[in-house]
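# Examining the three-dimensional arrangement
So the chains spell out like this:
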Amino acid sequence: AQSVTQPDIHITVSEGASLELRCNYSYGATPYLFWYVQSPGQGLQLLLKYFSGDTLVQGIKGFEAEFKRSQSSFNLRKPSVHWSDAAEYFCAVGGGSNYKLTFGKGTLLTVNP
Amino acid sequence: GAVVSQHPSRVICKSGTSVKIECRSLDFQATTMFWYRQFPKQSLMLMATSNEGSKATYEQGVEKDKFLINHASLTLSTLTVTSAHPEDSSFYICSGSGLANNEQFFGPGTRLTVL
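Our subject in this report is the structure included herewith. These numbers were taken from a predicted model, which means no experiment stands behind them.

### Here's the deal with the overall build of chain A
- For chain A, the count of helices and strands is 0 helices and 12 strands.
- Ordered by position from N to C terminus, the α and β elements of chain A give β-β-β-β-β-β-β-β-β-β-β-β.
- On C-alpha atoms alone, chain A measures out to a radius of gyration of 13 Å, which is about the 13 Å that the 2.2 N^0.38 rule sets for 113 residues.
- Here the C-alpha coordinates of chain A stretch approximately 45 × 30 × 20 Å along the principal axes.
- Per-residue burial for chain A yields a buried fraction of 44% across its 113 residues.

As structure tokens, then:
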């Protein structure tokens, strides 16, 4: 069975500081991996995705993530956080004939001025 | 491209009534649609997967007679919450897939409040 672990429930950073959100997955084959962001009361916005190829993936809003097969990880990074990045972040893994997605429990990001 | 809409965005209903939520793929054909629910401050949980013209496949613990899913066309799926109760209050999100890599594209969600 596929699963996703986001170890950090809540992270607080100062504006301008760097950010890394952790994601570990369990999947039997090469996974499809995603990071989504959700603002309160809103739907999901895709930040970036990994299907194959270059393990360092660039996304929108200055985010990037690196797929590390040996560590079963897909951590999300941003070099300098903006106050507007405050939101909930979800990592997801997909696969199988229906490509069902399994989501992590999410990490809430708070940005201090 | 790959836009999914949901209607309504918010709905409030009385306990015991039924509520229908529509999910539409606006610019692609969604051969598969997925329905999720999200409780406050929690993650998305997959409820069911539906393929166009077939019966939906429900996840363990999801009552298929309570959450009726219809995927009658390649651009429309509906979720009907029958005999809604306050515990059904939640954020319901749909997604559609049918493009490269079977990537899912998410709708904006529907907030259901059952009084």
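### Comments concerning empty space enclosed by the protein
- This model, assessed by the stated rule, comprises 1 cavity of 30 Å³ or more.
- The space that makes up the largest cavity amounts to roughly 50 Å³.
- Around the largest cavity, the lining comprises 10 residues; the ones closest to its centre are Tyr32, Phe34, Tyr99 and Leu101 of chain A together with Asn102 of chain B.
- Breaking the lining of the largest cavity down by element, the ones donating at least two residues are strand 5 (32–38) and strand 10 (87–95) of chain A.
- Class assignment of the residues belonging to the lining of the largest cavity gives a composition of 4 nonpolar, 5 polar and 1 charged.

### Section: the interface of chain A and chain B
- With 20 residues of chain A at the contact, the number on the chain B side is 20 residues.
- Together chain A and chain B conceal approximately 1500 Å² of surface at their shared face, both sides included; 53% is due to carbon and sulfur atoms.
- Our enumeration of links across chain A and chain B arrives at 2 salt bridges.
- Between Lys49 of chain A and Glu103 of chain B there is a salt bridge, with the nearest N and O atoms lying 2.7 Å from each other.
- Joining chain A to chain B, the criterion identifies 5 residue pairs in polar contact (both at pLDDT 80 or more).
- When residues of the side of chain A that touches chain B are assigned to their parent elements, the largest contribution, 4 residues, is made by strand 5 of chain A.
- Among the residues making up the side of chain A that touches chain B, the classes are represented as 10 nonpolar, 7 polar and 3 charged.

### Overview of the environment of Ser84 of chain A
Residue and element names in this part refer to chain A.
- In this structure, Ser84 sits in the loop between strand 9 (73–78) and strand 10.
- We classify Ser84 as partly exposed; its relative accessible area is 43%.
- Along the backbone, Ser84 and Thr110 are 26 residues apart, and their C-alpha atoms lie at a distance of 9.7 Å.
- A distance of 2.7 Å separates the side chain of Ser84 from the side chain of His82, its partner in a polar contact.

### Some thoughts on the sheet that holds strand 1 (residues 4–7) of chain B
All names here are of chain B.
- Across the sheet, 4 strands lie side by side as 1-3-8-7; this open sheet has antiparallel pairing. Each edge of the open sheet carries a strand with a single partner, namely strand 1 and strand 7 (67–73). Here the average twist between neighbouring strands, direction ignored, is 15 degrees.

### Structural notes on the state of the cysteines
All names here are of chain A.
- Inspection of every chain in the model, using the stated rule, returns 2 disulfides over all chains.
- At a sulfur-sulfur separation of 2.0 Å, the disulfide partner of Cys23 is Cys91. Residues Cys23 and Cys91 share a disulfide whose torsion about the S-S bond is about -65 degrees; that sign makes it left-handed. Of this pair, Cys23 sits in the loop between strand 3 (19–21) and strand 4 (24–26) while Cys91 sits in strand 10, placing them 68 residues apart in sequence.
- Its relative accessible area of 0% is what places Cys23 among the buried residues.
- Owing to a relative accessible area of 0%, Cys91 belongs among the buried residues under this scheme.

The rules we used
- Residues take numbers from 1 onward in each chain, read along the sequence in its written order.
- To read the labels, note that chains go from A and ligands from 1, taken in the order they are written.
- Where totals are concerned, whole chains, interfaces and linings use all residues; where local detail is concerned, this predicted model gives features only for residues with pLDDT of at least 70, and gives and counts side-chain atom pairs only at 80 or more.
- Hydrogens and water are ignored here; the side-chain numbers use all heavy atoms of the structure.
- Comment: elements are numbered from the N terminus, with helices defined as DSSP H or I runs of at least four residues and strands as E runs of at least two.
- It is over C-alpha atoms that the radius of gyration is taken, and the globule rule equals 2.2 Å times the number of residues to the power 0.38.
- Categorising residues by exposure relies on relative accessible area from a 1.4 Å probe, with only protein chains included: less than 20% of the type maximum marks a residue as buried, more than 50% marks it as exposed, and the intermediate range marks it as partly exposed.
- Cavity: a set of points on a 1 Å grid over the protein atoms alone where a 1.4 Å probe fits but cannot get out. Pocket: an open set with protein on both sides within 12 Å along at least five of seven lines, its lining residues, like those of a cavity, having an atom within 4 Å of a point.
- Grid points are joined across faces, edges and corners, and a volume is the space filled by probe spheres set on the points.
- Ten residues, namely Ala, Val, Leu, Ile, Met, Phe, Trp, Tyr, Cys and Pro, are considered nonpolar, four, namely Asp, Glu, Lys and Arg, are considered charged, and the remaining ones, Gly among them, are considered polar.
- Should any heavy atoms of two residues lie within 4.5 Å, those residues are considered in contact.
- Accessible area, probed at 1.4 Å, shrinks when two parts are joined; the buried area is that loss added up over both.
- A pair is scored as a salt bridge if a Lys or Arg side-chain nitrogen falls within 4 Å of a carboxyl oxygen belonging to Asp or Glu.
- Side-chain atoms alone can form a polar contact between residues adjacent in sequence; in general such a contact is a pair of N or O atoms within 3.5 Å, and within protein one must be able to donate a hydrogen while the other accepts it.
- One bridge is not enough; two strands pair if DSSP finds at least two bridges between them.
- Convention adopted: a line fitted to C-alpha atoms gives each axis, helices being fitted over their contacting stretch, and angles between N-to-C directions are expressed from 0 to 180 degrees.
- The disulfide definition used here is simple: a pair of cysteine sulfur atoms within 2.5 Å.

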